[in-house]
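# An overview of the molecular structure
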Amino acid sequence: MKDRHLLGIRDLSKQDIELCLETAKGFKDVLRRDIKKVPALRGKTVINLFFEPSTRTKTSFEITEKRLSMDVLNFSVPSSSVVKGESLLDTIKTIEAYGVDFIVIRHSSSGVPHFVANNINASVINAGDGINEHPTQALLDAFSILEKKGSLEGLDIAIVGDIFHSRVAKSNIYLLSKFNNRIRLIGPPTLIPEIKNYNIETFSDMDKGIKGVDVIMMLRIQLERQGKGFFPTIQEYFKYWGLDKKRLAIAKDDAIVMHPGPMNRGVEISSDVADCPQSVILDQVTNGLAVRMAIMYLLSGI
Ligand code: CP
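Residues numbered from 1 in each chain as written. Predicted model: local features only at pLDDT ≥ 70, side-chain atom pairs only at ≥ 80, totals over all residues. Heavy atoms only, no water.

### Examining the side chain of histidine 259
The criterion, for reference: Helix and strand definitions follow DSSP, with helices as H or I runs of at least four residues and strands as E runs of at least two, each counted in order from the N terminus. Exposure is judged per residue with a 1.4 Å probe applied to protein chains only, and the accessible area is read against the type maximum: over 50% gives exposed, under 20% gives buried, and values in between give partly exposed. Polar contact criterion, stated in full: a pair of N or O atoms within 3.5 Å, where within protein one must be able to donate a hydrogen and the other to accept it, and residues adjacent in sequence count only if both atoms are side-chain atoms.
Its place among the elements puts histidine 259 in the loop between β9 (256-258) and α10 (271-274). With a relative accessible area of 1%, histidine 259 lands in the buried category. In this structure the side chain of histidine 259 is engaged in a polar contact, spanning 2.8 Å, whose partner is the backbone nitrogen of glycine 261.

Next up, the structure:
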């Protein structure tokens, strides 16, 4: 990859994305072996800095780093000097002084990974910044679509729900647009931002929006980021924009259902859909390992 940081998808080339997905295929084979660890990044040190909660991304990065034989440190924000008021800049400069090679960072403020990358020498990976981007999620989503549909081009893809607050949606829109897919954004008009310069259709009527699509990407309603009432009630949200079996039947027969997690079952997705054969939600989790191994390997420049 051209850059030594992964801060977002918007500035990645199609070739970089293809290289990452191809490399991830190789790592997926490695992960099927009895011994899943490779010496690729032995001697490199990484610190995982999660200023926001995470189950999937944090666990996935830690397993990835151990599979690549890295020395791994997990920074615990609540027991760090951040709670004594130490600034972000002093925190990362302190970490840099230990000679770390990679910083994986998640933060509630958009742009923090870019700020870190501008101030230190280590490679920085954005593990989700505010409502901006979640590039490793979009890459693992692309890998999962490619694996299930056999192609990443020319598909009809519905992204449904709280697009305004979703860094996953933004990164996916940037990535999927580079591959000539037809993207439909579906949800309450209050949660669909204007995204200029992209070939996107928007729908407030979910039944119309998911008609005949190949991929349905459901998004979590981000209750922690809802400053005001973007929709009347949870019950109404599910009625108009929730995915249940009846609605799933409107998509193509072989449509796949995706969700980055964590899911609000009964709010944006019913349990019978989340757990049905068309759901690839746990495949997305599994694929996160191979994709993050590829990203770290490529960024290391080895
Ligand atoms: N998909 C995702 O980012 O999940 P976590 O918040 O659990 O990491």
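More follows now that the structure is in view.
### So, the nonpolar core
Filter applied, for reference: For the purposes of this section, nonpolar cores are sets of buried Ala, Val, Leu, Ile, Met, Phe, Trp, Tyr and Cys residues that join through side-chain atoms within 4.5 Å. A domain assignment, automatic or from a database, supplies the domain bounds used here. We call two residues in contact when some of their heavy atoms are within 4.5 Å.
The biggest cluster of nonpolar side chains holds 57 residues, and the ones touching the most others in it are Leu139, Ile145, Ile159, Leu175 and Met296. Among the elements that line this core, the one with the most residues is helix α11 (residues 281-300), at nine residues. Two domains share this core, each providing at least three of its residues, namely domain 1 (14-133 + 285-300) and domain 2 (135-280). Not counting residues up to four positions away in its chain, the partners in contact with methionine 296 are Leu41, Val46, Phe61, Thr64, Glu65, Leu68, Met70, Phe102, Val104 and Ile125. Ranked by size, the runner-up nonpolar core spans 26 residues in total, among them Ala158, Ile210, Ala251 and Val267.

### A word on unusual backbone geometry
Residue glycine 261 is joined to proline 262 through a cis peptide bond whose omega torsion reads -10°. Tracing the sequence through the fold places proline 262 in the loop between β9 and α10. Despite not being glycine, serine 69 has its phi angle at roughly 65°, a positive value. Relative to the helices and strands, serine 69 resides in the loop between α2 (56-67) and β2 (71-75). Here asparagine 197, not a glycine, exhibits a phi torsion of approximately 70°, which is positive. Inspection of the secondary structure puts asparagine 197 in the loop between β6 (182-186) and β7 (200-203).

### Re the sheet that holds β2
Condition: DSSP calls a pair of strands paired once it identifies at least 2 bridges connecting them. The convention used is that axes are lines fitted to C-alpha atoms, helices contributing only their stretch in contact, and that angles between N-to-C directions extend from 0 to 180 degrees.
Strand order in the open sheet formed by four strands is β2-β1-β3-β4, and the pairing between neighbours is parallel. The open sheet has two free edges, formed respectively by β2 and β4 (123-129), since each of these has just one partner strand. The average angle at which neighbouring strand axes cross in this sheet is 15°, direction not considered. In terms of strand pairing, strand β3 (residues 102-107) meets β4 through five bridges, oriented parallel. Residue pairing across strands places histidine 107 opposite aspartate 129, the latter belonging to β4.

### Side note on the packing of aromatic side chains
Quick reminder of the rule: Think of it this way: a Phe, Tyr or Trp ring, Trp meaning its six-membered ring, pairs with another when their centres are within 6.5 Å, and the plane angle makes it stacked under 30 degrees, edge-to-face over 60, tilted otherwise.
Applying the stated rule across the entire model yields five aromatic pairs. When the ring of phenylalanine 51 is compared with that of phenylalanine 75, the centres are 6.4 Å apart and the planes differ by 40°; the resulting orientation is tilted. Of this pair, phenylalanine 51 sits in the loop between β1 (45-50) and α2 while phenylalanine 75 sits in strand β2, and the two are 24 residues apart along the sequence. One aromatic cluster in this structure is built from Tyr237, Tyr240 and Trp241.

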